[in-house]
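# Structural description and commentary
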There are 2 protein chains.
Amino acid sequence: MIHQVLIVGGTHGNELTGIYMVRKFQECPDLIKRTSFAARSLMGNPRAVSQVTRYLDKDLNRCFDHQAWSASASIYEEARAKNLLKQYGPKGETPTDFVIDLHSTTSNAGLMLILDHLDPFTLGLAAYLQAKTPAVKLYSSTGSGRENDSMRTLGKYRLGIEVGPLAHATLNADLFQKTEALIHHALDYADQHNCQYASPQRSPTQSPTQRPTQSGEPTPLTVYQYIGAIDYPKNNNAEMIAMTHPQRQFQDYEVVNLGDPMFLTFEGETISYEGKTPVYPIFINEAAYYEKGVAMSFTEKKKLVT
Amino acid sequence: MIHQVLIVGGTHGNELTGIYMVRKFQECPDLIKRTSFAARSLMGNPRAVSQVTRYLDKDLNRCFDHQAWSASASIYEEARAKNLLKQYGPKGETPTDFVIDLHSTTSNAGLMLILDHLDPFTLGLAAYLQAKTPAVKLYSSTGSGRENDSMRTLGKYRLGIEVGPLAHATLNADLFQKTEALIHHALDYADQHNCQYASPQRSPTQSPTQRPTQSGEPTPLTVYQYIGAIDYPKNNNAEMIAMTHPQRQFQDYEVVNLGDPMFLTFEGETISYEGKTPVYPIFINEAAYYEKGVAMSFTEKKKLVT
């Protein structure tokens, strides 16, 4: 049963979609009310929000793994993560059963659902949202580290909503409304999940993810599974020598084969993909990842029959 | 005669196009060499560049009007502007005849030339660049304030190159190459201008802007003339209540008539244009202008016969 739902915006203080969404929900909490659970909304990093910056000392979305905490207590985001864990975390005062964390990216993510675990609840949620909004893409973040250190670790079940392309520190009305619709569908799904649990007709082996189709066979889900990340080409002084290639820009989820263009040097020379295995890059040219040494993430495209 | 040319990038520390352009020119100064003048390149706000932020204390591109300087000497960008004026300004050690300042914007500027003064040299430059690159748009900034307080005031003749849409803190290879091509054309124009001046055949009344066409008549230039700026709709607490309308997003340079949609509230209600005079908005949804209370600038579309 889902008892406590938490909707988070402003985990990054310059991603305005989630920030204004949380402000809206905090002004009208009835909007996220459902019969079978309590839903709260939270501004993830209020100090970063007030400065319209991603973070002050350390990316808050990398601060929830206690093993990585610094000895010093002076890092604002680590202190914030500790407080949030104490209140909303798995061992907190009001543990969160289902967390929805709202993000945006300068890459052409479209409407991306970030899935940390491919458990039946989460796969059912993904299938439900894709049925409601066929444009959504499913990203399995297992192996990226985010399943252990992100804001989403507050929840037993987790959904990241990543929309783009959107310049940080801006709003896009279309992406705002699409994000809002996804949140409402996700809340409806959790509500239906609770109803199925509460219903005596429901067989314990029947997961809400099992969706009979017209043919009787479940539809496979296409999932982009994280493999790794690659950096921009750099010189010996660790300075970037190339940009995202024009043929790669905004081509998230599109296959890259051996020899395909990846980067363009400032002198105009193309650098190509040298891997033998085809990959499906995402987070291509995300602003916040320059400092992290990430030009894009590679994924593998998989079909999952749920 | 143009003796000293100055190419500036990084006036805003998160606009990477100009920053990497200046780095390129500083590594290979020969790239901007021409026979008839000296060309230098300058990183406008190096501290902001190192922090990948627009500015530290105050927008440097509003700091060049000495009448607006604060009494305090602790504002980094005002001190920086004073130093730059002392070296490169009209009364400086090596006064700048022609300045090219490189910018990018999250709005759909395309390839915008910012013109502070519509003198013959500048109009000839605009016509030359438009002949080489028909996609360029001409923006006359007179009345916006930038003609008095921006980095461009270092130069007697001035060109701002504003490219978009581009998320701040990112590079776009296509826009990088187009910016570079415009710089080279502008340098060529200045070089040709000097040659015409030096040539004894040239009549003193014949401006390099006078371009005979096939019909013998000069082609009129389309110029977007600054009228004013409007803010986002706000409540009594000065909080935004609406976003750029989807039908206005990325529609820079497109006419807006009475009743056309302008904003969309967070509740989904459209706010329309109530002016009786048609306007041509630019800088629609520029990230850095949220804090300045500017949702977009209004311009008037004019034809100029040079």
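This text gives an overview of the structure that appears in the document.

Conventions and cut-offs
- Residues numbered from 1 in each chain as written.
- Chains lettered and ligands numbered in written order.
- Predicted model: local features only at pLDDT ≥ 70, side-chain atom pairs only at ≥ 80, totals over all residues.
- Heavy atoms only, no water.
- Pairing = 2+ DSSP bridges.
- Helix = DSSP H or I, 4+ residues; strand = E, 2+ residues; numbered from the N terminus.
- Axes fitted to C-alpha atoms, helices over the stretch in contact; angles between N-to-C directions.
- Contact = heavy atoms within 4.5 Å.
- Buried < 20%, exposed > 50% of the residue type's maximum accessible area, 1.4 Å probe, protein only.
- Lys, Arg positive; Asp, Glu negative; His and termini not counted.
- Salt bridge = Lys/Arg side-chain N within 4 Å of Asp/Glu carboxyl O.
- Buried area = accessible area lost by both parts, 1.4 Å probe.
- Polar contact = N/O pair within 3.5 Å; in protein donor to acceptor, adjacent residues only side chain to side chain.
- Least-squares fit on C-alpha atoms with pLDDT ≥ 70 in both.
- Patch = residues over 30% accessible without salt bridge, like charges linked within 9 Å, V, L, I, M, F, W, Y side chains within 5 Å.
- Areas by Shrake-Rupley, 256 points an atom, 1.4 Å probe, with all protein chains shown as cover.
- Charge placed at Lys NZ, Arg CZ, Asp CG, Glu CD.
- Phe/Tyr/Trp six-rings, centres within 6.5 Å; stacked < 30°, edge-to-face > 60°.
- Lys NZ or Arg CZ within 6 Å of the ring centre and 35° of its normal.

### Things to note about the sheet that holds strand β9 (residues 261-265) of chain B
Residues and elements named next belong to chain B. Read across the open sheet, the 3 strands follow the order β8-β9-β10; overall the sheet is antiparallel. A strand with exactly one partner marks an edge of an open sheet, and here the two such strands are β8 (242-244) and β10 (270-272). Each neighbouring strand pair of the sheet contributes to a mean axis angle of 35 degrees, computed without reference to strand direction. Where β8 meets β9, 3 bridges bridge the pair, whose relative direction is antiparallel. Of the residues in β9, the one forming a bridge with T244 is F263.

### Considerations on the sheet that holds strand β6 (residues 155-164) of chain A
Residues and elements named next belong to chain A. The strand order β2-β1-β3-β6-β4-β5-β7-β12-β11 describes an open sheet built from 9 strands, whose pairing is mixed. Two strands lie at the open edges of the sheet, namely β2 (38-43) and β11 (280-282), each paired on one side alone. Across the sheet, the axes of successive neighbouring strands diverge by a mean angle of 30 degrees, strand direction being ignored. Here 8 bridges tie strand β3 (residues 96-104) to β6, and the two strands are oriented parallel to one another. What sits directly across from D101, in β6, is G160. Together, β1 (4-9), β2, β3 and β6 form the strand contacts of helix α1 (residues 16-27), whose direction differs from that of β2 by roughly 130 degrees. Strands β1, β2 and β3 of the sheet are contacted by helix α3 (residues 76-88), whose axis makes an angle of about 170 degrees with β2.

### Details of the side chain of R248 of chain A
In this fold, R248 of chain A is placed in the loop between β8 (242-244) and β9 (261-265). No salt bridge is formed by the buried R248 of chain A; the nearest opposite charge belongs to D260 of chain A, separated by 4.5 Å.

### Thoughts on the interface of chain B and chain A
Facing 27 residues of chain B, the contacting portion of chain A comprises 27 residues. When chain B packs against chain A, the two sides together hide about 2100 Å² of surface, and 67% of this comes from carbon and sulfur. Connecting chain B to chain A are 0 salt bridges. For the interface between chain B and chain A, the tally reads 6 residue pairs in polar contact (both at pLDDT 80 or more).

### Thoughts on unusual backbone geometry
Residues and elements named next belong to chain A. Cis geometry is adopted by the peptide bond preceding P165, which originates at G164 and carries an omega value of 5 degrees. By secondary structure assignment, the location of P165 is in the loop between β6 and α6 (173-198). Positive phi, normally seen in glycine, also occurs at Y253, with a value near 75 degrees.

### Observations concerning the pattern of salt bridges
What the rule picks out here adds up to 26 salt bridges over all chains. In this structure, the salt-bridge partner of D188 of chain B is R34 of chain B, at a minimum N-O distance of 2.8 Å. One end of the pair, D188 of chain B, is in helix α6 (residues 173-198); the other, R34 of chain B, is in the loop between α1 (16-27) and β2 (38-43), and 154 residues separate them in sequence. According to the relative accessible area criterion, D188 of chain B is partly exposed, its value standing at 26%. Judged by relative accessible area, R34 of chain B falls into the buried class, the value being 17%. Three or more residues are tied together by salt bridges with common partners; here these are E15, R54, D59, R62 and K292 of chain A.

### Concerning the relation of the copies chain B and chain A
When chain B is brought onto chain A, the operation consists of a screw motion whose angular component is 180 degrees and whose axial shift is 0.0 Å, with 0.0 Å RMSD remaining. Overall, the copies show the geometry of a two-fold rotation axis. Of the C-alpha atoms belonging to chain B, the one lying closest to the rotation axis is found on A167 of chain B, 2.2 Å away. Counting the interface residues of chain B, we find that 100% of their copies in chain A are interface residues as well, pointing to one common contact surface.

### Description of a negative patch on the surface
The grouping of E27 of chain A together with E239, E267 and E269 of chain B at the surface amounts to a negative patch. On the secondary structure map, E267 of chain B appears in the loop between β9 and β10. For E267 of chain B, a relative accessible area of 60% corresponds to the exposed category.

### Some words on the packing of aromatic side chains
Applying the stated criterion to the full structure yields 26 aromatic pairs over all chains. Each ring, one from Y224 of chain A and one from Y280 of chain A, has its centre 6.2 Å from the other, and the planes form 65 degrees; the classification is edge-to-face. Here Y224 of chain A, found in strand β7 (residues 221-230), pairs with Y280 of chain A, found in strand β11; they are 56 residues apart in sequence, far enough to count as distant. Each of the two residues, Y224 of chain A as well as Y280 of chain A, counts as buried. Centroid distance F98 of chain B to F121 of chain B: 5.3 Å. Interplanar angle 80 degrees. Geometry classified as edge-to-face. Remark: F121 of chain B occurs in helix α4 (residues 120-132) and F98 of chain B occurs in strand β3 (residues 96-104); sequence separation between them is 23 residues. One exposure class covers both F98 of chain B and F121 of chain B, and it is buried. Taken together, F98, F121, Y128, Y157 and Y189 of chain A form an aromatic cluster joined through their ring pairs. Sitting over the ring of Y253 of chain A, K137 of chain A keeps its end group 5.1 Å from the ring centre.

### Some words on the environment of P134 of chain A
All names here are of chain A. As for its position among the elements, P134 is in the loop between α4 (120-132) and β5 (137-140). Note on P134: relative accessible area 65%, which makes it exposed. Measuring from C-alpha to C-alpha, the distance between P134 and L111 comes to 9.7 Å, with 23 residues separating the pair along the chain.

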